[in-house]
Amino acid sequence: MTVFLLLYLCADTTRMDCQVVKADSWNGPHAYERCIDVVPGLTEALTARNRERHRFVCEIQSDAPQPADHVSRPTFIHQSFRM
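An account of the accompanying structure is given in this report.

Some remarks on the nonpolar core
And then number 1: Within the largest apolar cluster, 10 residues are counted, these being Val 3, Leu 5, Leu 7, Trp 26, Ala 31, Cys 35, Val 39, Leu 46, Phe 56 and Cys 58.
And then number 2: Those elements that provide at least two residues to this core are strand E1 (2–10), helix H1 (31–45) and strand E3 (55–61).
And then number 3: Excluding residues that lie within four positions of it along the chain, Leu 5 makes contacts with Val 21, Lys 22, Ala 23, Asp 24, Trp 26, Cys 35, Val 38, Val 39, Leu 42, Phe 56, Val 57 and Cys 58.

See below:
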């Protein structure tokens, strides 16, 4: 399994107009757990205003081979990491 840590950089607090940036990735059976372990610290490092606008998301990618013409696009996950 491969997991990508994605940073959604959003124009405002509605999070409707966002640019997705790959921040990190992990491979292996514990990849998702490793990803979600870093999210709270990264979120806390953002300023309060930016925490309302931007979001870190862990997304699982299939390790199955994709056709050559397949373009993988990050999907917007409606999940909030709040403490």
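A short note on the state of the cysteines
And then number 1: Under the definition given, this model contains two disulfides.
And then number 2: Across the disulfide, Cys 10 is cross-linked to Cys 18 (sulfur-sulfur distance 2.1 Å). Taking the torsion about the sulfur-sulfur bond, which here is approximately 100 degrees, the covalent link between Cys 10 and Cys 18 counts as right-handed.
And then number 3: Looking at Cys 10, the relative accessible area reads 3%, which means it is buried.
And then number 4: The disulfide partner of Cys 35 is Cys 58, and the gap between their sulfur atoms is 2.1 Å. Looking along the S-S bond of the Cys 35-Cys 58 disulfide, the torsion reads about -95 degrees, which is the left-handed sense. Remark: Cys 58 occurs in strand E3 and Cys 35 occurs in helix H1; sequence separation between them is 23 residues.

What counts and how
Residues numbered from 1 in each chain as written. Predicted model: local features only at pLDDT ≥ 70, side-chain atom pairs only at ≥ 80, totals over all residues. Heavy atoms only, no water. Core = buried A, V, L, I, M, F, W, Y, C linked by side-chain atoms within 4.5 Å. Buried < 20%, exposed > 50% of the residue type's maximum accessible area, 1.4 Å probe, protein only. Helix = DSSP H or I, 4+ residues; strand = E, 2+ residues; numbered from the N terminus. Contact = heavy atoms within 4.5 Å. Disulfide = S-S within 2.5 Å.

Such coordinate-based values are descriptive only and should not be taken to indicate function.
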